[in-house]
Amino acid sequence: MARALLRLNSTATAIMASATSATQETVLDGAHFQMKNRNARVLVLGGTGRVGGSTAVALSKLCPDLQIVVGSRNREKGAAMVSTLGKNSEFAEVNIYNEGSLLIALRDVDLVVHAAGPFQQAPKCTVLEAAIETKTAYIDVCDDTIYSQRAKSFKDRAIAANIPAITTGGIYPGVSNVMAAELVRVARNESKGEPERLRFSYYTAGTGGAGPTILATSFLLLGEEVVAYNKGKEITLEPYSGMLSVDFGKGIGRKDVFLLNLPEVRSAREVLGVPTVSARFGTAPFFWNWGMVAMQRLLPAEYLRDRSKVQQLVQLFDPVVRAFDGIAGERVSMRVDLECTDGRNTVGIFSHRKLSVSVGTAIAAFVLAVLEGATQPGVWFPEEPEGIAIEAREVLLKRASQGTINFVMNKAPWMVETEPKELGLGIYI
C-alpha cells in the first residue's frame, strides 16, 4: 500500500514542473519540505458530482503526476470523468454507506477526499472511520456543524493511527476559516487591542453551478437553529433571519445575506478565541432569498431535517433553479470581517466568477497541503495550526485563490468596498 506523503514545491509553477530526481527538497516560508512521491494516489469520493468532479479536475491541473481515483456509484459518469482527466486517472465503484466497499477502495490510496454530500443529517462518519482503519490521510468538505464535531471526536484515534485528517476543508467553510485565522493572527501581532467580533459573509449566484447538492444543503440548513456567539455566550437564532446588506467589493457589489448554522462559527470561536462570531449566506436572484425565508417559515423544522423529504423538494425545484442559473451565473464571494477592541477593522475578500471551478481549486489546495506534510496526525479544522501549519497558510491561500476576480487580505473595509465613503467636508474616497 502506498503511504509516502508528497512534499511538493511551494508555488504553482513548481508544482507543474517535472521532478529531476526521485528526491528533491525545497523551502516553504521557512519550513523544510522534502518531495518524496509525486505519484501519490488520491481518491475523490463523489468524484462524478459537481464538487468532487471539480476537485479531480483541479488536482489534475495543479499536479499532473498525481494518480487520481474517481470514486462513485455511477460507472457511466465515472468513465466520462476519467476520459476528461486523462491517463493518470481511474474509476472505482464505491458506496460510502458500505463499509466493505470503502475499505477496498481505500486500501491502496494515500489520501481520500470525501466530497459525497450533503453532510447534514448524516448519521455516521463512515469514510473517516475507514480512513483511520486503513491509515489513509483524509479531507472532507463538510459544511454541517454536527457532522464536523462528530468528525473531531475521532482525533485521538487518528493520532493513534498516525494519519492527518481535516474536516470542513472546502471553500466555505475551509478557505474562509484560513482567511479568518490569518486576520486574527495578524491583528494579534499588530494591534494593541484584542479581536472581539468575527463575521463570515457568503454569496453565491443561484446554485453556483454546484447543482442539486448545494440546493439540498441549503434546504437542510433551514431546518437547523442557528448557533452564534455574542460576547462569548452561545445564542440560538432562527435560520435565514438577521439580514445584513454586505459589500463584497469589485465584481460582486452589495448583497443581502442571512444567518445560517455553519460549522466555522463554532470552530472559529473555540480555536481563534474571538468572543462574537456569526455566519451569513445570500443568493441571487433576490427572490430566491425570499423563497428561502418563506420555506423556513411555512415548513416544519422536522420536515426540513428529513433527508428523503428534502430530496423530493430538490427534485421539484431543481429544474426551475437550473433555468435561472443560466441567467444568474455562478459567481461566488466570501467576506470575512474582524473587529478589534482598539477600533482596528480588517477584511478578507475572495471572489470568483465560477463556484463550480473555485470550489475544486480550494479543495485541491487542501489536498496538496496535507500531502506536503502541513497537517499533523489527528482530526483538525482548517484554522487550527495542527490542521494547516501557520507557515503553510499563505501558500494554501495563493493556490486556492487562483482565477479569482478579487482576493484581498488584511485591508481596511473602505479600501475594498465598492461604494465611496465620505470622510467629511464633502470629501469621498
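Residues numbered from 1 in each chain as written. Predicted model: local features only at pLDDT ≥ 70, side-chain atom pairs only at ≥ 80, totals over all residues. Heavy atoms only, no water.

Asker: Now, about the layout of surface pockets: what can you tell me, with residues and values included?
Answerer: When its volume is computed, the largest pocket comes out at roughly 760 Å³. In terms of lining residues, the largest pocket is bounded by 26 residues, among which Gly46, Arg73, Ala116, Gly117 and Thr213 are the most central. Listed by contribution, the elements that provide at least two residues to the lining of the largest pocket are helix H2 (50-62), strand E4 (67-72), helix H9 (212-221) and helix H13 (307-328). Grouping the amino acids of the lining of the largest pocket by side-chain chemistry returns 12 nonpolar, 10 polar and 4 charged. In this model, the second largest pocket occupies a volume close to 280 Å³. Lining of the second largest pocket is provided by 14 residues; of these, Leu215, Phe219, Trp288, Met292 and Val321 occupy positions nearest its centre. Counting only elements with at least two residues in the lining of the second largest pocket, the list comes to H9, strand E14 (276-284), helix H11 (286-298) and H13. Of the residues assigned to the lining of the second largest pocket, the class counts are 9 nonpolar, 5 polar and no charged. (1 Å grid on protein atoms, 1.4 Å probe; cavity = no way out; pocket = protein on both sides within 12 Å on 5 of 7 lines; lining within 4 Å. Points joined across faces, edges and corners; volume = space filled by probe spheres on them. Helix = DSSP H or I, 4+ residues; strand = E, 2+ residues; numbered from the N terminus. Nonpolar A, V, L, I, M, F, W, Y, C, P; charged D, E, K, R; others polar.)

Asker: Tell me what's going on with the environment of Glu190, and back it up with residues and numbers.
Answerer: Mapped onto the secondary structure, Glu190 falls in helix H8 (residues 175-190). Considering only alpha carbons, one finds Glu190 and Arg344, 154 residues apart in sequence, at a separation of 9.8 Å. Only 3.3 Å separates the side chain of Glu190 from the side chain of Arg344, close enough to count as a polar contact. (Polar contact = N/O pair within 3.5 Å; in protein donor to acceptor, adjacent residues only side chain to side chain.)

Asker: Any chance you could break down the packing of helix H4 (residues 99-106) against helix H5 (residues 126-133) for me, citing the residues and the numbers?
Answerer: It is at 9 Å that the axes of H4 and H5 come closest, and there the two elements cross at 50 degrees. As summarised for this structure, H4 and H5 are arranged oblique, according to the angle between their axes. The way H4 lies across H5 gives a crossing that is right-handed. Packed against H4, whose contacting residues are Glu99, Leu102, Leu103 and Leu106, the element H5 presents Thr126, Val127, Ala130, Ala131 and Glu133 at the interface. (Axes fitted to C-alpha atoms, helices over the stretch in contact; angles between N-to-C directions. Parallel < 35°, antiparallel > 145°, perpendicular 65-115°, else oblique. Left-handed = near helix turned anticlockwise from the far one by under 90°. Contact = heavy atoms within 4.5 Å.)

Asker: Summarise helix H14 (residues 355-371); cite the residues concerned and give the values.
Answerer: Between its first and last C-alpha atoms H14 spans 24 Å; for 17 residues at 1.5 Å apiece the expected length is 24 Å, and the two agree. Of all the 17 residues making up H14, 15 are buried; the element is thus mostly covered by neighbouring parts of the structure. At the C-terminal side of H14, Gly373 shows a positive phi close to 95 degrees. (Expected span 1.5 Å × (residues − 1). Buried < 20%, exposed > 50% of the residue type's maximum accessible area, 1.4 Å probe, protein only.)

Asker: Kindly report on the packing of aromatic side chains, identifying the contributing residues and their values.
Answerer: Taken as a whole and judged by the stated rule, the model has 11 aromatic pairs. Consider the rings of Phe219 and Phe317, whose centres lie 5.9 Å apart with planes at 70 degrees: the pair is edge-to-face. Here Phe219, found in helix H9, pairs with Phe317, found in helix H13; they are 98 residues apart in sequence, far enough to count as distant. With centroids separated by 4.6 Å and ring planes inclined at 10 degrees, the aromatic side chains of Tyr240 and Phe258 adopt a geometry described as stacked. Highlighted residues: Tyr240 in the loop between strand E11 (233-237) and strand E12 (244-247) and Phe258 in strand E13 (residues 254-259), separated in sequence by 18 residues. (Phe/Tyr/Trp six-rings, centres within 6.5 Å; stacked < 30°, edge-to-face > 60°.)

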